[in-house]
Amino acid sequence: MQIVILKDAAAVAEYGAQIFIDQINRKSDSVLGLATGSTPVALYQELIKANQANKVSFKQVTSFNLDEYLGLDGDHAQSYRFFMNEQLFNHVDIDKNNTFVPPGDAQNPITACKMYENKISQSGGVDVQLLGIGRNGHIGFNEPSSSLASRTRVKTLTKETVEDNARFFAEGEFQPHLSITMGIGTILEAKKVVLLATGENKADAIRDMCEGAVSAVCPASALQFHQDAVVVIDEAAASKLVNAELYKHIESENQKLQQYLAELPN
Ligand code: PGA
């Protein structure tokens, strides 16, 4: 894991966005894995700014979102399809026909999960997958006890996740307790993964993910098996890491190496 500790949430968003911008500029028809929640919003703002400044174009990009609530259609204000349109797709030059979110209104969710997996494979696979992390260590809606080899499927949300997300729903409004989510096995197949976390309430999950044992108790810990996982966090989210100073040292050495490589003659 590459663990990048930055001073605040704005720096995390900028660093994360640059990874996506560089990816798309290297490969204009990149396949992106996208995420919802509060954390990616600032990164999406950076992508919108870059698109509007002609520093990146999404015209040939395909995207797959991690998850969706089961029981909400894409017009529902709390659906993740709606969120993606509002937070990113409506503001950049992406072709919405090339943006995929698991169908929360699928008549047969089991078949829909299989079709989603097939669609990802047919696209050639995800080049870079964006992730947030839940306080309980979930990635996507892969809650603790999720198989580390799981594929896209229907998952029951924990009480904690339902409570964390209740802030987005009006009082008395139907809030789904089920979801369709890419599995951990699906996520691990992305060529690169970028996980963002900010704030002290993520510090335990970040410690368990980076320094704990690989275990379904902390689903994000499966990323220890990924060959190109970048964890971008602020000081608050890093506050419980035992080896934070080591990660900062490694990162500064990494930057020197990148600089050296960039200056090599072709
Ligand atoms: P958050 O959610 O970005 O809203 O904290 C992250 C997640 O649950 O994956």
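Keep in mind it's a predicted model, so treat the numbers as computed, not measured.

Cut-off values and rules
Residues numbered from 1 in each chain as written. Predicted model: local features only at pLDDT ≥ 70, side-chain atom pairs only at ≥ 80, totals over all residues. Heavy atoms only, no water. Helix = DSSP H or I, 4+ residues; strand = E, 2+ residues; numbered from the N terminus. Patch = residues over 30% accessible without salt bridge, like charges linked within 9 Å, V, L, I, M, F, W, Y side chains within 5 Å. Areas by Shrake-Rupley, 256 points an atom, 1.4 Å probe, with all protein chains shown as cover. Salt bridge = Lys/Arg side-chain N within 4 Å of Asp/Glu carboxyl O. Pairing = 2+ DSSP bridges. UniProt positions renumbered as here; feature names shortened; annotations may be inferred. Axes fitted to C-alpha atoms, helices over the stretch in contact; angles between N-to-C directions. Parallel < 35°, antiparallel > 145°, perpendicular 65-115°, else oblique. Left-handed = near helix turned anticlockwise from the far one by under 90°. Contact = heavy atoms within 4.5 Å. Nonpolar A, V, L, I, M, F, W, Y, C, P; charged D, E, K, R; others polar. Near = heavy atom within 4 Å. Polar contact = N/O pair within 3.5 Å; in protein donor to acceptor, adjacent residues only side chain to side chain. Phe/Tyr/Trp six-rings, centres within 6.5 Å; stacked < 30°, edge-to-face > 60°. Buried < 20%, exposed > 50% of the residue type's maximum accessible area, 1.4 Å probe, protein only.

1. With respect to unusual backbone geometry
Here is step 1 of the chain: Phi at Asn54 takes a positive value of approximately 60°, unusual for a residue other than glycine.
Here is step 2 of the chain: Mapped onto the elements, Asn54 comes out in the loop between α2 (40–52) and β3 (62–65).
Here is step 3 of the chain: Phi is positive for Ser145, close to 90°, though the residue is something other than glycine.
Here is step 4 of the chain: Structurally, Ser145 is set in the loop between β6 (128–131) and β7 (153–156).

2. Let's talk about a nonpolar patch on the surface
Here is step 1 of the chain: The grouping of Leu257, Tyr260, Leu261 and Leu264 at the surface amounts to a nonpolar patch, some 380 Å² of accessible area in total.
Here is step 2 of the chain: Note on placement: Leu264 falls in the segment after α8 (244–263).

3. A few points about the sheet that holds strand β10 (residues 229–234)
Here is step 1 of the chain: Taken in spatial order, the 7 strands of this open sheet run β1-β10-β9-β6-β2-β3-β5, and their pairing is parallel. Because the sheet does not close on itself, it has two edges, and the strands there are β1 (2–6) and β5 (99–100).
Here is step 2 of the chain: Pairing of β6 with strand β9 (residues 192–197), which is carried by 4 bridges, proceeds in the parallel orientation. The residue bridging Gln129 from the neighbouring strand is Val193, located in β9.

4. A word on the UniProt feature "domain: Glucosamine/galactosamine-6-phosphate isomerase" (unreviewed entry) in the protein
Here is step 1 of the chain: Residues annotated by UniProt as "domain: Glucosamine/galactosamine-6-phosphate isomerase" (unreviewed entry) correspond here to residues 9–229.
Here is step 2 of the chain: Between the end C-alpha atoms of residues 9–229 the distance is 19 Å, and the span holds 33% helix and 14% strand.

5. A word on the packing of helix α1 (residues 9–26) against α2
Here is step 1 of the chain: Two numbers describe how α1 lies on α2: the axes approach to 8 Å, and their chain directions differ by 50°. Judged by the inter-axis angle, α1 sits oblique to α2. Taken as a pair, α1 and α2 cross one another with a handedness that is right-handed. Contact residues: α1 offers Ala13, Glu14, Gly16, Ala17, Phe20 and Ile21, while α2 offers Ala42, Leu43, Glu46, Leu47 and Ala50.
Here is step 2 of the chain: Residue classes in the contact of α1 with α2 are distributed as 8 nonpolar, 1 polar and 2 charged.

6. A closer look at the side chain of Gln23
Here is step 1 of the chain: On the secondary structure map, Gln23 appears in helix α1.
Here is step 2 of the chain: In contact with Gln23, other than residues within four places in its own chain, are Ser30, Leu32, Asp127 and Val128.

7. A few points about the site of the ligand
Here is step 1 of the chain: All residues adjacent to the ligand are Gly37, Ser38, Thr39, Gly132, Ile133, Gly134, His138, Arg167 and Lys202.
Here is step 2 of the chain: Between the ligand and the protein, one listed contact pairs an oxygen atom with a side-chain N or O atom of Arg167 at 3.4 Å.
Here is step 3 of the chain: Within the side chain of Lys202, a nitrogen or oxygen atom sits 2.5 Å from an oxygen atom of the ligand.
Here is step 4 of the chain: Calculation on the ligand without its partners gives an accessible area of 280 Å², and the protein chains cover 81% of this total.
Here is step 5 of the chain: Split into classes, the residues belonging to the shell around the ligand amount to 1 nonpolar, 6 polar and 2 charged.

8. Observations regarding the packing of aromatic side chains
Here is step 1 of the chain: This model, assessed by the stated rule, comprises 6 aromatic pairs.
Here is step 2 of the chain: On the numbers, 5.1 Å between centres and 20° between planes, the contact of Phe64 with Phe100 is stacked. Placement of the pair is Phe64 in strand β3 and Phe100 in strand β5, with a sequence separation of 36 residues.
Here is step 3 of the chain: Phe100 sits in the partly exposed class, given a relative accessible area of 21%.
Here is step 4 of the chain: Ring plane angle 20° and centroid distance 5.9 Å describe the contact between Tyr80 and Phe141, whose orientation is recorded as stacked. In this pair, Tyr80 is assigned in helix α3 (residues 80–87) and Phe141 in the loop between β6 and β7, connecting sequence segments 61 residues apart.

9. Let's talk about the environment of Glu160
Here is step 1 of the chain: Mapped onto the secondary structure, Glu160 falls in helix α5 (residues 159–165).
Here is step 2 of the chain: Sequence separation between Glu160 and Glu143 is 17 residues, and the spatial gap between their C-alpha atoms is 9.9 Å.
Here is step 3 of the chain: In contact with Glu160, not counting residues within four places along its chain, are Arg135 and Asn136.

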